[in-house]
Each structure stands twice: as structure tokens, then as C-alpha cells.
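The chain contents come next:
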Amino acid sequence: MRFEVLDSFRGLAAVAVIAAHIRPFMHPVFLPTAADVYLLVDFFFLLSGFVICFVYGARLNSAAQVQDYAIRRIGRIWPLHLAMLAVMLVAAVVNLLVMRSGGGGVERLQTKYFVVGDLIEQIFLLNSLHLTRLSWNIPSWSIGAEMFAYVAFAALVVLKWARVPVFLAIIVATLVLIMLLSDENMAVTSDYGVLRCAYSFFAGAVICRVHERFGHLLRLGPVLASVAELGVLVLAVVFMVRAESSVLSYAAPLVFSLVVLVFAHEAGLLSKLLKRPFFLMLGRVSYSIYLLHFVLLVLLSMAYSPFEGVLQPIVN
């Protein structure tokens, strides 16, 4: 079974993040700010936990299945990550040569983003473990965090510990650690992003189990389903705008869980809209556009200096 509407949501969330990141250059008031949408990363994490648990929660019972899981997960995230990092590395070399020749270049890119000392952590996706700063392809910290969530989930399934009480224990432990370690509530990235990911990812796994066991209780007729879909969507948008990086941000997985539980049934008018080919296409390419957009902004900033101002809010 494929949750097509949830895939479409993933695509829309990726577009919203990109829109927020280009807003400083475009200046249209209708685009969201980075503060408005940064919690969508937690939506990505929660969706991944939900889908991975649904698909693999009972399918990692042999070495061959674990190997297939690892190949599929690594094959999905690492090749594109390495390709984008290679593009950034070429850009760094070009920018440095231009600077040394006296032809211009963007010094801030060289010192802020093209940090040679961070390359090993970036290559091996260790960029959410507080070992490095935000540099190179900034959004890849979330990919690195998700990789560790994939490994942790597979280990739990193999050990026969993939149960709701264990998921809840991980959720509580990671939430407490974030509260203790973070100065900006849920707004952690390269510092403690792996904890943030685990919190939302395993919340998604819990929601998967709830959907499997009690989902039939949420099967509504078209009218009630449409009202429920609109209601949880408005709730999620208002929550993100109001929460930003305040203490309310800790409730993000709870709010997003309601969205997933309602839209997993694909029964309302909004679901019918999100199953249109355009939105399904966005879902299929969501990872690509999410990982590609910052690289494009960096390249544009090298070619056209006003774009450099776009990058500042993404990091700070």
C-alpha cells in the first residue's frame, strides 16, 4: 500500500521550505518565512517514521531482508547527497580561484559554507551529531539524522523490540535530551539534530501502530472526512506560525500526527485534490528538490551577488 496523499504532502512541504528560503530575495509577502516553516523538517521525519514502520515493521526477519532494506535506504539518500556535495566542492574550488585571481568571488561563501575541515563529516552524513557546524549543503543535516533513525529502527526490528513501549521510551528520552541541551527548543540542526529526528521519527512509528490497530475508527464519510482534513490542516499551519522556535515547538510531532492519521485514509476532498498528478509528482521528487535547492542558491550567489543575502537566514 502506498500513501499517495502523504507523499503529496511531502512534496508540498519541500516546496514550502524552498519558498521560505528564497523569500529574502523575492520579498513577496505571501511567501512564508524560514521561522514559519522550519518545523516542516519534523513533519518529514514523522512521515518517514510512519512509512518505514508500515512497510518494514514486520519485514526485517532475515539477513537478506536487512540487506535489501539497507541498500534501499542508502540508495535513496546517499548518491544524491554525494552528487550535491561534489557540485559544492567544485563551486568552492572555482570561488577560491576567482578570489585569488582578484576577479571577485564571494569570500563569505568560502568561510561560512565551503569549510574543508567539515568534509569528512559531510561525506559520511555525520553532520547532525554535534561534530561539525552547518556548512556545505545545509539541508543535508536532516538527511544525516534520518540515516541514523533508519539504522536504529532496523536494529529494533531485528531484536524484536519494535514495539510501542520502546518507541515511546525513545520519544521521551530524546525529548528530554533536547530540552536539556537546546537553547532554541526544537530549532536544533547540526548540533543535536539526530535527537530531533529520533523524536519525530519514532512518533511516526507510534502513529503507524495506532493507524494499524485503530485506524478503522477514523474511517469517515466524505463530508466528515473533508471537514476533518481541513481542520487538521488549518491547525498545523496555525501551529507552525505561532510556535516558531518557542517552547510550543516541542508539540510539533503531536500536531503533525493528527495530520497523518486523518490524511492516511485519503477520504476527503483535500485528499482527492492531493491525488492529482501534479501533487503526486511533487511527492516523487520531494527529496531531490529539497536537497538541490540550497546548492542552486549557492551557485546563484556566485553568479549574482544579491543572492548571497538569501543564504543568511538559512543558517542563522
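Here the structure is a predicted model, which means the values were calculated and not measured. (Residues numbered from 1 in each chain as written. Predicted model: local features only at pLDDT ≥ 70, side-chain atom pairs only at ≥ 80, totals over all residues. Heavy atoms only, no water.)

**Describing the environment of His130**
Definition in use: Under the DSSP-based scheme used, a helix requires at least four consecutive residues in state H or I and a strand at least two consecutive residues in state E, with every element numbered from the N terminus. Any two residues whose heavy atoms approach within 4.5 Å at even a single point are treated as in contact. What qualifies as a polar contact is a pair of N or O atoms within 3.5 Å, subject to a donor-acceptor requirement within protein and to the restriction that residues adjacent in sequence count only when both atoms come from side chains.
Within the secondary structure, His130 sits in the loop between helix H6 (119-123) and helix H7 (140-158). Spatially, the C-alpha atoms of His130 and Val194 are 8.9 Å apart, while their sequence positions differ by 64 residues. Apart from residues lying up to four places away in sequence, His130 is in contact with Ser190, Asp191 and Tyr192. Engagement of the side chain of His130 in a polar contact is seen with the side chain of Tyr192, the distance being 3.4 Å.

**A few points about the side chain of Ser128**
Stated formally: The cut-offs for exposure are 20% and 50% of the maximum accessible area for each residue type, with area from a 1.4 Å probe on protein chains only; residues under the lower value are buried, those over the upper are exposed, and the others partly exposed.
Assignment of secondary structure puts Ser128 in the loop between H6 and H7. With relative accessibility at 0%, the residue Ser128 sits in the buried group. In terms of polar contacts, Ser128 uses its side chain to reach the backbone amide nitrogen of Ala145, at 3.4 Å.

**Describing empty space enclosed by the protein**
As a reminder, the rule being used: Note on definitions: the grid is 1 Å and covers protein atoms alone; a cavity is a set of points where a 1.4 Å probe fits but cannot get out; a pocket is an open set with protein on both sides within 12 Å along at least five of seven lines; lining residues have an atom within 4 Å of a point. Grid points are joined across faces, edges and corners, and a volume is the space filled by probe spheres set on the points. Basically, the charged four are Asp, Glu, Lys and Arg, the nonpolar ten are Ala, Val, Leu, Ile, Met, Phe, Trp, Tyr, Cys and Pro, and anything else, Gly included, counts as polar.
Inspection of every chain in the model, using the stated rule, returns one cavity of 30 Å³ or more. Looking at the largest cavity, its volume works out to about 40 Å³. Partitioning the lining of the largest cavity into residue classes produces three nonpolar, six polar and one charged.

**Digging into the environment of Leu291**
Counting through the fold element by element, Leu291 comes out in helix H14 (residues 286-303). By relative accessible area, Leu291 is classed as buried at 0%. For Leu291, the residues in contact, after removing those within four places along its chain, are Leu80, His81, Met84, Asn137, Ser140 and Ile143.

**Overview of helix H4 (residues 63-100)**
Basically, it comes down to this: What a helix should span is 1.5 Å times the count of its residues minus one. Here the bend at a residue means the angle between the axes of two seven-residue stretches, the one that ends at it and the one that starts at it.
For H4, built from 38 residues, the straight-helix expectation of 56 Å at 1.5 Å per residue is met to within 8% by its first-to-last C-alpha distance of 53 Å. Along H4, the largest kink reaches about 35° and is centred on Gly75; proline Pro79 follows within four residues of it.

**Structural notes on the packing of aromatic side chains**
Our working definition: Two rings from Phe, Tyr or Trp (for Trp, the six-membered ring) form a pair when their centres sit within 6.5 Å of each other. Planes less than 30 degrees apart are called stacked, planes more than 60 degrees apart edge-to-face, and all others tilted. A positively charged side chain is recorded as over a ring if its NZ (Lys) or CZ (Arg) lies within 6 Å of the ring centre. The angle to the ring normal must also be within 35 degrees.
Applying the stated rule across the entire model yields 16 aromatic pairs. Put simply, the rings of Tyr150, Phe153, Phe167, Phe201 and Phe202 pair up and form one aromatic cluster. Between Arg73 and the ring centre of Tyr150, over which it is positioned, the NZ or CZ distance is 5.2 Å.

**Focus: the pattern of salt bridges**
Note the threshold: Should a side-chain nitrogen of Lys or Arg be within 4 Å of a carboxyl oxygen of Asp or Glu, the pair is scored as a salt bridge.
This model, assessed by the stated rule, comprises five salt bridges. Residue Asp68 pairs with Arg72 through a salt bridge whose shortest N-O separation is 3.0 Å. On the criterion of helical spacing, the pair formed by Asp68 and Arg72 is a turn pair, its members being four residues apart in helix H4. When its relative accessible area of 48% is taken as the criterion, Arg72 is described as partly exposed. Look at the salt bridges and you will find they share partners, linking Glu4, Glu266 and Lys275 into a network.

**Focus: helix H13 (residues 277-284)**
Note the cut-off: To be clear, the arc concerns the directions from the helix axis to the C-beta atoms.
Within the sequence span of H13, burial applies to Phe279, Leu280, Leu282 and Gly283. For H13, the arc enclosing every buried residue in end-on projection is 155°, short of the 170-degree limit, so these residues lie on one face. Of the exposed residues in H13, those oriented more than 90 degrees away from the buried face are Pro277 and Arg284.

**Overview of the environment of Ile77**
For Ile77, the position within the fold is in helix H4. It is 9.9 Å that separates the C-alpha atoms of Ile77 and Leu125, two residues lying 48 residues apart in sequence. When neighbours within four sequence positions are excluded, Ile77 is seen to be in contact with Leu125, Ile143, Met147, Tyr150 and Tyr287.

**Re the state of the cysteines**
Inclusion rule: What counts as a disulfide here is a pair of cysteine sulfur atoms lying within 2.5 Å.
Under the criterion given, the structure shown has zero disulfides. Cys53 takes part in no disulfide bond, and the closest cysteine sulfur, belonging to Cys208, lies 3.6 Å away. With a relative accessible area of 1%, Cys53 lands in the buried category.

**Notes on the packing of H4 against H7**
The condition that has to hold: Whenever a helix is involved, its axis is fitted only over the stretch in contact; in every case the axis is a line through C-alpha atoms, and angles between N-to-C directions fall within 0 to 180 degrees. Geometric relationships in this document are graded by angle, where less than 35 degrees denotes roughly parallel, more than 145 denotes roughly antiparallel, 65 to 115 denotes roughly perpendicular, and other angles denote oblique.
As a packed pair, H4 and H7 sit with axes 11 Å apart at the nearest point and diverge in direction by 180°. In terms of their interaxial angle, H4 and H7 are classed as roughly antiparallel. Within the contact between the two elements, H4 uses Val66, Tyr69, Arg73, Ile77 and His81 and H7 uses Ser140, Ile143, Met147, Tyr150, Phe153, Ala154 and Val158. Looking at the contact of H4 with H7 residue by residue, the classes come out as nine nonpolar, two polar and one charged.

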